[in-house]
Amino acid sequence: ENVVSFSNASFTMNSEEVRSHIGFVEAGMKVLLVDDVIAHGTTAVTAINALQAAGIEVVGLAVLFDKAWQGGRERIKKETGIEPFSLISIQEITPEGEIRL
């Protein structure tokens, strides 16, 4: 009860189907969606669409970091109209393991 469930492919988890559940929500609520990372944006787009279909207003998306070179932030904005907020934007991870912000 009061759970929105959805499935999507996950690049980060290297899986064709990940089943997720967002609980304690109901139609008419406003929510801030929080996640750990944006890679290609698939999970965020699917979660936002599922919440909106359940009558929930997603007021924003906040993540710890995004992998800028994978284009997920742009995809989320384009497909949902929500501009993600990322604490850290990683521009590149070099073959030597150097992280460039």
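This section reports on the structure supplied with the text. (Residues numbered from 1 in each chain as written. Predicted model: local features only at pLDDT ≥ 70, side-chain atom pairs only at ≥ 80, totals over all residues. Heavy atoms only, no water.)

## Observations concerning the side chain of T80
Part 1 of the reasoning: In this structure, T80 sits in helix α2 (residues 72-80).
Part 2 of the reasoning: With relative accessibility at 15%, the residue T80 sits in the buried group.
Part 3 of the reasoning: A distance of 2.6 Å separates a polar atom in the side chain of T80 from the backbone oxygen of I76.
Part 4 of the reasoning: Only 3.1 Å separates the side chain of T80 from the backbone nitrogen of I82, close enough to count as a polar contact.
Part 5 of the reasoning: Ignoring any residue separated from it by four or fewer positions in sequence, one finds T80 in contact with V45, I48 and N49. (Helix = DSSP H or I, 4+ residues; strand = E, 2+ residues; numbered from the N terminus. Buried < 20%, exposed > 50% of the residue type's maximum accessible area, 1.4 Å probe, protein only. Polar contact = N/O pair within 3.5 Å; in protein donor to acceptor, adjacent residues only side chain to side chain. Contact = heavy atoms within 4.5 Å.)

## Remarks on α2
Part 1 of the reasoning: Looking at α2, one finds that the buried residues are G72, I76 and T80. One side of α2 carries all its buried residues, which in axial view fall inside an arc of 40°. Pointing more than 90 degrees away from the buried face of α2 are the exposed residues E74 and K78.
Part 2 of the reasoning: Two residues or fewer past α2, G81 is found with a positive phi of approximately 80°. (Arc of directions from axis to C-beta.)

## Description of the pattern of salt bridges
Part 1 of the reasoning: A complete count under the given rule lists five salt bridges for this structure.
Part 2 of the reasoning: Here E79 ties to R75 by a salt bridge, and the two come within 2.9 Å at their closest N and O atoms. Pair noted here: E79 and R75 are both in helix α2, with a separation of four residues, about one helical turn.
Part 3 of the reasoning: Among the residues examined, E79 registers a relative accessible area of 44% and is labelled partly exposed.
Part 4 of the reasoning: Linking K77 and E83 is a salt bridge whose minimum nitrogen-to-oxygen distance equals 3.6 Å.
Part 5 of the reasoning: The exposure class assigned to K77 is partly exposed, which follows from its relative accessible area of 39%.
Part 6 of the reasoning: A single salt-bridge network, built from bridges that share partners, covers E92, E98 and R100. (Salt bridge = Lys/Arg side-chain N within 4 Å of Asp/Glu carboxyl O.)

## Concerning helix α1 (residues 42-53)
Part 1 of the reasoning: Over its twelve residues, α1 extends 16 Å from the first C-alpha to the last, a length consistent with the 16 Å expected when each residue adds 1.5 Å.
Part 2 of the reasoning: Of the residues making up α1, those classed as buried are A44, V45, A47, I48, A50 and L51.
Part 3 of the reasoning: As for α1, its buried residues are in contact with β1 (3-10), β2 (15-23), β3 (30-38), β4 (57-67) and α2.
Part 4 of the reasoning: G55, located one to two residues past α1, shows a positive phi value of around 85°. (Expected span 1.5 Å × (residues − 1).)

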